[in-house]
Amino acid sequence: MNSFVSMKTLNEAEIYHLIKRTDWFANNKSVDLSTGKKRFVSNLFYEPSTRTKLSFEIAEKRLGFEVLDFQVEQSSVVKGESVYDTAKTIQSIGVDAIVIRHPEKNIVQQLSESLSIPIINAGDGSGEHPTQSLLDLYTMYKEFNEFKGLNVLIVGDIVHSRVAHSNAYALKTLGANVFLSAKSKWQDNTLGFPYVNLDEGIKRADVVMLLRVQRERHASQEMNEEDSYLEKYGLTVARELQMKPNSIIMHPAPVIRGVEIADQLVECNRSRIFKQMEYGVYARMAVLDHLLN
Ligand code: NCD
């Protein structure tokens, strides 16, 4: 593995290796991890980000890398420079790895094929988000210790969600029992998992994974439907009461409180939403360490 672009291409052993490395970083927070060798990493975010960008940055700094922050809106991108030329420039000046988020699906894969340094996908449009998937898998692993037979319900804007895609591919490889719930126009029938009624699915799930409504990838009229979204398709207080005793709630965030999930459930006992963010740092350390050390 020279780059980290997709969960689809990883086998079970490779995924477990990264989960175990994530666990190692989670358990060795106070160890000095810098190797003394100067290495440069650049984070190219063509789409907004809070968690992913900052947790990559912390992960890079904890591993002792020099982080060259790149502000797309302050760069020659505004003069019309292409993604390829921008990334090739960054490689040419001596950067050792690029983390990239971009609105176009598959662009990260293409870059990884044309550049020689490791490229890490921090989200490509509605394509994939493999480091989010790794932190999600680690969250489930911490809770349940295994994936075979684990009942995972993924709910919401599945077709537009790169998080749903990466998780569906990885959970399939790991032998989880995945089922999906979404309104018909947000279903993605290429994933190979069954769609279920939300109220039925909630009763069976060990993990209820909610997704953000991807407003930026919709035609504008869909936003008007958000008023009734929670009751029809979201995790209400009444639905949470139907969940199994040890089941958990996940969401990659940003959460739109009151749309995908009732406000008071975001930080309830079952919610792992803020734990996921913490684990994101360890997952990104595992990936960077794997590719660069
Ligand atoms: C996700 C993203 O940007 O893909 N957020 C994240 O990285 N934690 C999910 C989302 O925005 O819906």
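Owing to the predicted nature of the structure, the values given are computational and were not obtained by experimental measurement.

What counts and how
Residues numbered from 1 in each chain as written. Predicted model: local features only at pLDDT ≥ 70, side-chain atom pairs only at ≥ 80, totals over all residues. Heavy atoms only, no water. Pairing = 2+ DSSP bridges. Helix = DSSP H or I, 4+ residues; strand = E, 2+ residues; numbered from the N terminus. Axes fitted to C-alpha atoms, helices over the stretch in contact; angles between N-to-C directions. Contact = heavy atoms within 4.5 Å. Near = heavy atom within 4 Å. Polar contact = N/O pair within 3.5 Å; in protein donor to acceptor, adjacent residues only side chain to side chain. Areas by Shrake-Rupley, 256 points an atom, 1.4 Å probe, with all protein chains shown as cover. Nonpolar A, V, L, I, M, F, W, Y, C, P; charged D, E, K, R; others polar. Phe/Tyr/Trp six-rings, centres within 6.5 Å; stacked < 30°, edge-to-face > 60°. Buried < 20%, exposed > 50% of the residue type's maximum accessible area, 1.4 Å probe, protein only. Lys NZ or Arg CZ within 6 Å of the ring centre and 35° of its normal.

A.B. asks: Sorry if this is basic, but what is going on with the sheet that holds strand S1 (residues 40–45) here?
C.D. replies: Sheet architecture is open: four strands sit in the order S2-S1-S3-S4, paired in parallel fashion. Looking along the sheet, the strands with just one partner apiece sit at the ends: strand S2 (66–70) and strand S4 (119–124). Here the average twist between neighbouring strands, direction ignored, is 15°. Relative to S2, S1 is paired through five bridges, and the arrangement is parallel. Bridge pairing in S2 places Phe 40 opposite Glu 66. Along the sheet, helix H3 (residues 83–92) contacts S1, S2 and strand S3 (97–102); its crossing angle with S3, the most-contacted strand, is approximately 160°.

A.B. asks: Mind showing me how you'd approach the site of the ligand here?
C.D. replies: If you check the shell around the ligand, you find Arg 51, Thr 52, Arg 101, His 129, Gln 132, Arg 162, Val 163, Arg 212, Gln 214, Pro 252, Ala 253 and Pro 254 and nothing else. Contact distances for the ligand include 3.0 Å between a nitrogen atom and a backbone N or O atom of Pro 252. A distance of 2.9 Å is found between a nitrogen atom of the ligand and a backbone nitrogen or oxygen belonging to Ala 253. Protein coverage of the free-state accessible area of the ligand, which is 310 Å², stands at 94%. Where the shell around the ligand is concerned, the elements lending two or more residues are helix H2 (51–62) and helix H6 (162–174). Among the residues making up the shell around the ligand, the classes are represented as four nonpolar, four polar and four charged.

A.B. asks: Just checking my understanding: could you explain the packing of aromatic side chains for this structure?
C.D. replies: Remark: the centre distance and the inter-plane angle together describe each pair of aromatic rings, the angle taken between the planes. Within the structure shown, the criterion is met by seven aromatic pairs. Ring centres of Tyr 16 and Phe 147 lie 6.0 Å apart, and the angle between their planes is 70°; on these two criteria the pair is classed as edge-to-face. Of this pair, Tyr 16 sits in helix H1 (residues 12–27) while Phe 147 sits in the loop between helix H5 (130–144) and strand S5 (151–155), and the two are 131 residues apart along the sequence. Taking 5.6 Å as the distance between ring centres and 40° as the angle between the ring planes, the aromatic pair formed by Trp 186 and Tyr 229 counts as tilted. Taken together, the residues span a long stretch of sequence, with Trp 186 in the loop between strand S6 (177–181) and helix H7 (198–204) and Tyr 229 in helix H8 (residues 229–233) at a distance of 43 residues. There is no split in this pair, since Trp 186 and Tyr 229 are both buried. Here the aromatic residues Tyr 138, Tyr 141, Tyr 279 and Tyr 282 are joined through ring pairs into a cluster of three or more. Residue placement shows Arg 21 over the ring face of Trp 24; its charged tip is 5.2 Å from the ring centre. Stacked on the ring of Trp 186, the Lys or Arg Lys 183 has its end atom at 4.3 Å from the ring centre.

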